[in-house]
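An overview of the molecular structure
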Amino acid sequence: MDTAPGLQTVIEGADDSWFNDFDLALLPAARASALGRRLLARTLADGAASMLLAPAPKPALDRVVARWSPEKLRSLVRNIGVLAFAPAIRSEVGREPVRRLKLALEKRYLLALDRNVWDGEVPRDVQLGLQQAIRAALDESDPTPALLSLFDRHGCAELRAWAHPRDPAFTEWLALLHPRDQTLPPTHLPPSAVQQLYSVHAGN
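On a plain count of helices and strands, the protein chain comes out with 12 helices and 0 strands. In sequence order, the protein chain lays out its α and β elements as α-α-α-α-α-α-α-α-α-α-α-α. A compact globule built from 204 residues should have a C-alpha radius of gyration of about 17 Å, and the protein chain, at 19 Å, falls within 12% of that. If you line up the protein chain on its principal axes, its C-alpha atoms span 55 × 35 × 30 Å. Nonlocal contacts in the protein chain, meaning residues at least 24 apart in sequence, comprise 76% of its contacts between residues at least 6 apart. For the protein chain, the centre of its 24 positive side-chain charges and the centre of its 24 negative side-chain charges are spaced 5 Å apart.

Dropping the structure here:
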């Protein structure tokens, strides 16, 4: 168990907050030693990653982590977050807001405009909330970090809501990559839109 590459990836990728029973100052040393990794793995298996690390004829760990590296999963989360804010992004037509959005999103700006992925229809109160969040981020002197944080948090919420009834082990891995007590916003993306992005990333 200790030498499994997938387990090593989980231990190294999990946010420190999932190991709050350990002295945070000792975590780097624990991650670097065989005994420490066993203790960290046991902590996750007994709690936050019980499905991901459960023994089985074909362990979920091998299936999930082999397909979803931390980098690949974070890219999916950000794309879903950008798509979730598509109604607000599409409503920004001023030269400066659009320039700032393009600078932050790069190629993902086109995803937000793509109505073939999602038409962007939401109730008025959701639209207003998304617009307020976008504009607050755009008002920062350097809006890129605020925008990316906004998209990542919302993308995590949307993907967790979609994945939870479909693949609990995948949902656990997604959660481990983010702070344990992260407050997630309400979701509004249709399952079909999340499924489409998930399938594209899974095939890459």
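Structure shown, so let's carry the discussion forward.
What follows covers the packing of aromatic side chains. Under the criterion given, the structure shown has 6 aromatic pairs. Here Trp 68 and Tyr 198 contribute two aromatic rings whose centre-to-centre distance is 5.1 Å and whose plane-to-plane angle is 35 degrees, an arrangement assigned as tilted. Residue Trp 68 is located in the loop between helix H4 (60-67) and helix H5 (70-84), and its partner Tyr 198 is located in helix H12 (residues 191-203); the two are separated by 130 residues in the primary sequence. Here Tyr 198 falls in the buried class, since its relative accessible area comes to 13%. Grouped by ring-pair contacts, the aromatic residues Trp 68, Trp 162, Phe 170 and Tyr 198 constitute a single cluster.

A word on the side chain of Arg 31. Within the element layout of this structure, Arg 31 appears in helix H2 (residues 27-32). With relative accessibility at 15%, the residue Arg 31 sits in the buried group. Among the polar contacts listed, one links the side chain of Arg 31 to the backbone oxygen of Ala 14, at a separation of 2.8 Å. Leaving out residues up to four positions away in the same chain, Arg 31 has contacts with Gln 8, Ile 11, Glu 12, Ala 14, Asp 15, Asp 16, Phe 19, Arg 37 and Leu 40.

Once that is clear, we can look at helix H1 (residues 5-13). For H1, every residue scored as buried is listed here: Gly 6, Leu 7, Val 10, Ile 11 and Gly 13. Looking at the buried side of H1, the elements it contacts are H2, helix H3 (34-45), H4, H5 and helix H11 (168-176).

Mapped onto the secondary structure, Leu 103 falls in helix H7 (residues 95-105). The exposure class of Leu 103 is exposed, given its relative accessible area of 56%. Along the chain, Leu 103 and Pro 143 lie 40 residues apart, while their C-alpha atoms are 9.4 Å from each other.

Our focus in this paragraph is the pattern of salt bridges. Charged atoms that come close allow side chains of opposite charge to pair. Counted by the stated rule, this structure contains 7 salt bridges. One salt bridge connects Arg 42 with Asp 46, and the closest N-O pair in it is separated by 3.7 Å. Ionic pairing is found between Arg 135 and Glu 92, a salt bridge with its closest N-O pair at 2.9 Å. Of this pair, Arg 135 sits in helix H9 (residues 124-138) while Glu 92 sits in the loop between helix H6 (86-91) and H7, and the two are 43 residues apart along the sequence. Residue classification places Arg 135 among the partly exposed positions, given a relative accessible area of 40%. Each of Glu 96, Arg 99 and Arg 100 takes part in one network of salt bridges that share partners.

The rules behind these values
Residues numbered from 1 in each chain as written. Predicted model: local features only at pLDDT ≥ 70, side-chain atom pairs only at ≥ 80, totals over all residues. Heavy atoms only, no water. Helix = DSSP H or I, 4+ residues; strand = E, 2+ residues; numbered from the N terminus. Rg over C-alpha atoms; globule rule 2.2 N^0.38 Å. Contact = heavy atoms within 4.5 Å. Lys, Arg positive; Asp, Glu negative; His and termini not counted. Charge placed at Lys NZ, Arg CZ, Asp CG, Glu CD. Phe/Tyr/Trp six-rings, centres within 6.5 Å; stacked < 30°, edge-to-face > 60°. Buried < 20%, exposed > 50% of the residue type's maximum accessible area, 1.4 Å probe, protein only. Polar contact = N/O pair within 3.5 Å; in protein donor to acceptor, adjacent residues only side chain to side chain. Salt bridge = Lys/Arg side-chain N within 4 Å of Asp/Glu carboxyl O.

By themselves, these figures tell us nothing about what the structure is for.
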